[in-house]
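Architecture at a glance
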Amino acid sequence: MPKPDPLLTGITAMVESTGSNQMPITVVVPGAVITGRLATEAVWRERVAEVLEASEHLKPFAPLFADAAAAPASGAGQASHLHLHLAKILQGDFGLPHTGGMYRIAIEDVSSWTLGDLGYSDQ
């Protein structure tokens, strides 16, 4: 198991402690480049729960995300996952989904990263 980048875990811890959801980040994980904004786990869970609650078929899963107490505790306060919102998987010359989505990424899977949103331009 690779050791997570201490700078990345530090940024994640600061996002959690300040409640910020504005830090843009792009990460490389096996098979994908994902760009979005870091969010706290609580905000991420809340937004996922809202989407599930709005679906007739997925509504029963909403409480799993809405109940922050059900969240597994990270060891010694160190985050184990990045929680991205407004996130897109960069594929070819476009991002999926077009409107952005909610992604949970294991920090140990991140092989490289940069601060900032990557996007495409016609110019």
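As a reminder, the structure under discussion sits directly above these lines.
Here's a quick rundown of the structure. (Residues numbered from 1 in each chain as written. Predicted model: local features only at pLDDT ≥ 70, side-chain atom pairs only at ≥ 80, totals over all residues. Heavy atoms only, no water.)

Our focus in this paragraph is the environment of methionine 14. Structurally, the position occupied by methionine 14 is in helix α1 (residues 6-18). Note on methionine 14: relative accessible area 56%, which makes it exposed. Along the backbone, methionine 14 and threonine 40 are 26 residues apart, and their C-alpha atoms lie at a distance of 9.5 Å. (Helix = DSSP H or I, 4+ residues; strand = E, 2+ residues; numbered from the N terminus. Buried < 20%, exposed > 50% of the residue type's maximum accessible area, 1.4 Å probe, protein only.)

Further remarks concern the pattern of salt bridges. A full pass over the atoms with the stated rule returns 4 salt bridges. The partner of glutamate 41 in a salt bridge is arginine 45, with the nearest N and O atoms 3.1 Å apart. With glutamate 41 and arginine 45 both in helix α2 (residues 41-53), this residue pair falls 4 residues apart, about one helical turn. The closest approach of N and O atoms between arginine 104 and glutamate 41, which form a salt bridge, is 3.3 Å. Of this pair, arginine 104 sits in strand β4 (residues 94-106) while glutamate 41 sits in helix α2, and the two are 63 residues apart along the sequence. Taking the relative accessible area as the measure of exposure, glutamate 41 reaches 16% and is therefore buried. The network of salt bridges with shared partners includes Glu41, Arg45 and Arg104. (Salt bridge = Lys/Arg side-chain N within 4 Å of Asp/Glu carboxyl O.)

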